[in-house]
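# What the coordinates show
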Amino acid sequence: MIEFNKVSYSYDKNRGNAVDELSLFIEQNEWIALIGHNGSGKSTVAKLMNGLLLPTEGNVSVSGLPLSEDTYWDIRKKVGMVFQNPENQFVGTTVMDDVAFGLENLGFPREEMVKRVASALKEVDMYAFKDQAPNRLSGGQKQRVAIAGILAIMPEVIIFDEASTMLDPNGKKELLETIKGLRKIKKMTIVYITHDLSEAAYADRIIVMNEGKQWMSGKPREVFQYRDELSEIGLEIPLISSIYSGMNKHGVKLEKEPLHMKELVDQLWKLSSKM
Amino acid sequence: MNQSFIIGQYVPKESPVHALDARTKLIIVFFYVLVTFSAETLSSYLILFLFAACGAIVSRVHPLFIVKGLRPIWFIIILTFILHLFIQRQGEVLFTVFGYAIYDQAVIQAAIISSRLFLLILMTTLLTLTTTPISITDAVETLLKPLKSLKLPIHELALMMSISLRFIPTLIEETDKISKAQASRGIDFQTGRWRDRLKAIFALLIPLFISAFKRAEDLAMAMEARGYRGDYGRTKFRELKFTSLDLIVFLLFIIIVIGFFYFNG
């Protein structure tokens, strides 16, 4: 779906590459979590995926289409992006207007827009708010509207560029639940950028970035085993994983490493059960 | 922050005036203003006043809102009236105030000029009370469309207007937050000499500007990511619709204008 072939990008020639000879491959319908501390190059990778930046060296291609100055408008139709600040990506004066913004840009006829805006808003469960002004919405709701604006265009990939960073715990949960819900009803590739490992646990695969390079890639369970190494590059291990390793150290063996609170609780109450 | 904050003076109501297409209202207000400037006789003023009054009544907006809309302008209307009263020196002397002669022509002129001002403001207030800012923006964009062939950035202007409208509440909230943050650091906005207060305002304005620029940058990035490339190949979601109501109001207005010129001599 998305392929990076020895991609480098530098904002400033004197300061070295933000992304350094990065090669990676993302499958269709895969949910990828891209993690790394601040300045590891993860946001740059996101911007290279939809042509907001063009690589200084190497090639990027999205579903077979190579990214270049001639193709980035087409690539942006395939790759939608939700940004960090919910307030600063809300263009329209009402929820409906904002969802329609992308469709307007691509020149859809009005009847088609009306249909798509309604169905996209229903998919993120924000249809009841369609006439609201943005200042009446919470951060989580604004991010859901941003997702609807992208769904309306029907892209193949959605990138979440630290989309949960500015949300409160409820908003974070709301965002992840919305993504999980969407994955149940439609096929789409998701690139979820975060520095929160507990959110990354929901992904099919985690790619860890460090200093512009891919540092590790694997299933969440595999990646979380490298606790000490991860905290060395500035990533904090999720609480669940810390509990697991602490219990392990003290000789309490669980069946397998839990990823979420529910998995941990389920294993704990079965632990001493003889049935 | 007041949650019921509304931009502009728009008063939502279900009335024929609200239901009119924003373009109709804009065009009528434009020609009304033109016609008002050529009014000379009492009966022509009466016709114009009747039209505006009917509009105000049909709009079902509470008269208090209209009075409130006129408030900043009362002073100017009264001032013009008084100035004209004293400056005009034609016709018969009507009476004298503190030894200063007031002429009858002056009274008539003063009345004419101030009622002109009054009618203009009444009509435009009625427009903003019954039309959302965003539909006014849309109407301006469609009405000015012909100017695009002269390479004037009409679409960009309209987009700037609508984005400003969208960000007004955001920036007000931000101002509120910054002024509280600065006040908690000991900055005094309320008291002191005017020079100190001016300095205090800078402590509010600078962070506000920095954050507004940051927002603009983020917004530009988000718009580009969603495929915004100016006016190129763009369609519109919000639509303005002429109905038979617009036609009726246009006809009515034309009759009023004809009547006006008939009585205007």
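Note that the structure is predicted; figures quoted are calculated from it, not measured.

### Here's the deal with the overall build of chain A
Within chain A one finds eleven helices and ten strands. Against the 2.2 N^0.38 benchmark of 19 Å for 275 residues, chain A shows a C-alpha radius of gyration of 20 Å, consistent with a compact globule. Here the C-alpha coordinates of chain A stretch approximately 65 × 50 × 30 Å along the principal axes. In chain A, which comprises 275 residues, the share counted as buried stands at 46%. Sequence-distant contacts, at least 24 apart, represent 65% of the contacts inside chain A between residues at least 6 apart.

### Comments concerning the overall build of chain B
Tallying secondary structure elements over chain B gives nine helices and two strands in all. For chain B, the sequential pattern of α-helices and β-strands runs α-α-α-α-β-β-α-α-α-α-α. Over its C-alpha atoms chain B spans a radius of gyration of 24 Å, topping by over 25% the 18 Å that the globule rule assigns to 265 residues. Each of the 265 residues in chain B was classed as buried or not, and the buried ones make up 19%. Taking contacts inside chain B between residues at least 6 apart in sequence as the whole, the part at least 24 apart equals 75%.

### Section: the interface of chain A and chain B
Across the contact, 30 residues belong to chain A and 26 residues belong to chain B. Contributions of two or more residues to the side of chain A that touches chain B are made by α2 (72–78), α3 (95–105) and α4 (110–123) of chain A. No other element matches the seven residues that α3(A) contributes to the side of chain A that touches chain B. Tallied by class, residues from the side of chain A that touches chain B come to 13 nonpolar, eleven polar and six charged.

### Some remarks on the packing of helix α2 (residues 22–37) of chain B against helix α5 (residues 104–130) of chain B
Residues and elements named next belong to chain B. The contact between α2 and α5 brings their axes to 10 Å, and the two run at 180°. Judged by the angle between their axes, α2 and α5 are roughly antiparallel. Where α2 abuts α5, its residues Lys25, Val29, Tyr32, Val33 and Thr36 lie against Arg116, Leu119, Leu120, Met123, Thr124 and Leu127. Residues that form the contact of α2 with α5 fall into these classes: seven nonpolar, two polar and two charged.

### A closer look at the environment of A:Tyr226
Here A:Tyr226 shows up in the loop between α8 (220–224) and α9 (227–232). Separated by eleven residues in sequence, A:Tyr226 and A:Ile237 place their C-alpha atoms 9.4 Å apart.

### Comments concerning the UniProt feature "transmembrane region" (unreviewed entry) in chain B
The UniProt record annotates "transmembrane region" (unreviewed entry) at residues 26–58, 70–87, 107–129, 198–216 and 244–263 of chain B. Taken as a whole, residues 70–87 of chain B contains 100% helix and 0% strand, while its terminal C-alpha atoms sit 25 Å from one another.

### Structural notes on the pairing of strand β2 (residues 100–103) of chain B
Here four bridges tie strand β1 (residues 93–97) of chain B to β2(B), and the two strands are oriented antiparallel to one another. Residue pairing for β2(B): B:Thr96 is matched across the bridge by B:Ala101.

### A word on the domain arrangement of chain B
By the assigned domains, chain B splits into domain 1 (16–131 + 241–263) and domain 2 (146–225). Its C-alpha centre places domain 1 of chain B at a distance of 35 Å from the equivalent point of domain 2 of chain B.

### Quick notes on the sheet that holds strand β9 (residues 205–210) of chain A
Residues and elements named next belong to chain A. Strand order in the open sheet made by the six strands is β6-β7-β8-β3-β9-β10, with mixed pairing throughout. The open sheet has two edge strands with one neighbour each: β6 (79–82) and β10 (213–218). Ignoring which end each strand starts from, the neighbouring axes of this sheet average 20° apart. Note that strand β7 (residues 157–161) and strand β8 (residues 189–194) share five bridges and pair parallel.

### Some remarks on the sheet that holds strand β2 (residues 19–26) of chain A
Residue and element names in this part refer to chain A. One open sheet holds the four strands; their spatial order is β2-β1-β4-β5, and the pairing between them is antiparallel. One side of each edge strand has no neighbouring strand; the edge strands of this open sheet are β2 and β5 (65–66). Note that strand β1 (residues 2–9) and strand β4 (residues 57–62) share five bridges and pair antiparallel. What sits directly across from Phe4, in β4, is Val60.

### Some points on the nonpolar core
A:Leu34, A:Met49, A:Val99, A:Ala148, A:Ile159 and A:Val191 are the most contacted members of the largest nonpolar core, which totals 80 residues. Contacts of A:Leu34, omitting those with residues within four sequence positions, involve A:Lys42, A:Val45, A:Val191, A:Tyr192, A:Ile193, A:Ile207 and A:Met209. Within the second largest apolar cluster, 19 residues are counted, among which are B:Ile28, B:Val35, B:Ala39 and B:Leu126.

### Points about the UniProt feature "domain: ABC transporter" (unreviewed entry) in chain A
Within the UniProt annotation, "domain: ABC transporter" (unreviewed entry) is assigned to residues 2–236 of chain A. Helix and strand shares over residues 2–236 of chain A are 36% and 24% respectively, and the end C-alpha atoms of the span are 28 Å apart.

### Looking at unusual backbone geometry
Across residues other than glycine, the phi torsion is negative in most instances, and most of the peptide bonds are trans. Residues and elements named next belong to chain A. Here the phi dihedral of Glu21 falls at roughly 45°; this positive angle occurs in a residue that is not glycine. Relative to the assigned elements, Glu21 resides in strand β2. Look at Glu21 and you get partly exposed, because 15 C-beta atoms sit within 10 Å. In this structure, Glu211 is a non-glycine residue whose phi angle is positive, near 50°. As for its placement among the helices and strands, Glu211 is situated in the loop between β9 and β10. Take Glu211: there are 16 C-beta atoms within 10 Å of it, and that puts it in the partly exposed class.

### Digging into the environment of A:Asn135
Looking at the element boundaries, A:Asn135 is found in the loop between α4 and α5 (139–151). The exposure class of A:Asn135 is partly exposed, given the 19 C-beta atoms found within 10 Å. Those residues within four positions of A:Asn135 in sequence are excluded, and the remaining contacts are B:Pro169 and B:Thr170.

### Looking at the pairing of β7(A)
Residues and elements named next belong to chain A. Burial of β7 is extensive: five of the five residues sit out of reach of the surface. Covered by surrounding structure in β7 are Val157, Ile159 and Asp161 together with Ile158 and Phe160, the residues of both alternating faces. Here β6 runs beside β7; their pairing, made up of four bridges, is parallel. Paired with Val82 across the two strands is Phe160, which belongs to β7. Crossover β7 to β8 through helix α6 (residues 169–185) is right-handed.

Conventions used here
Residues numbered from 1 in each chain as written. Chains lettered and ligands numbered in written order. Predicted model: local features only at pLDDT ≥ 70, side-chain atom pairs only at ≥ 80, totals over all residues. Helix = DSSP H or I, 4+ residues; strand = E, 2+ residues; numbered from the N terminus. Rg over C-alpha atoms; globule rule 2.2 N^0.38 Å. Buried ≥ 20, exposed ≤ 12 C-beta atoms within 10 Å, placed from the backbone. Contact = placed C-beta atoms within 7 Å. Nonpolar A, V, L, I, M, F, W, Y, C, P; charged D, E, K, R; others polar. Axes fitted to C-alpha atoms, helices over the stretch in contact; angles between N-to-C directions. Parallel < 35°, antiparallel > 145°, perpendicular 65-115°, else oblique. UniProt positions renumbered as here; feature names shortened; annotations may be inferred. Pairing = 2+ DSSP bridges. Domains from an automatic or database assignment. Core = buried A, V, L, I, M, F, W, Y, C linked by C-beta atoms within 7 Å. Right-handed = clockwise from strand over helix to strand, strands pointing away.

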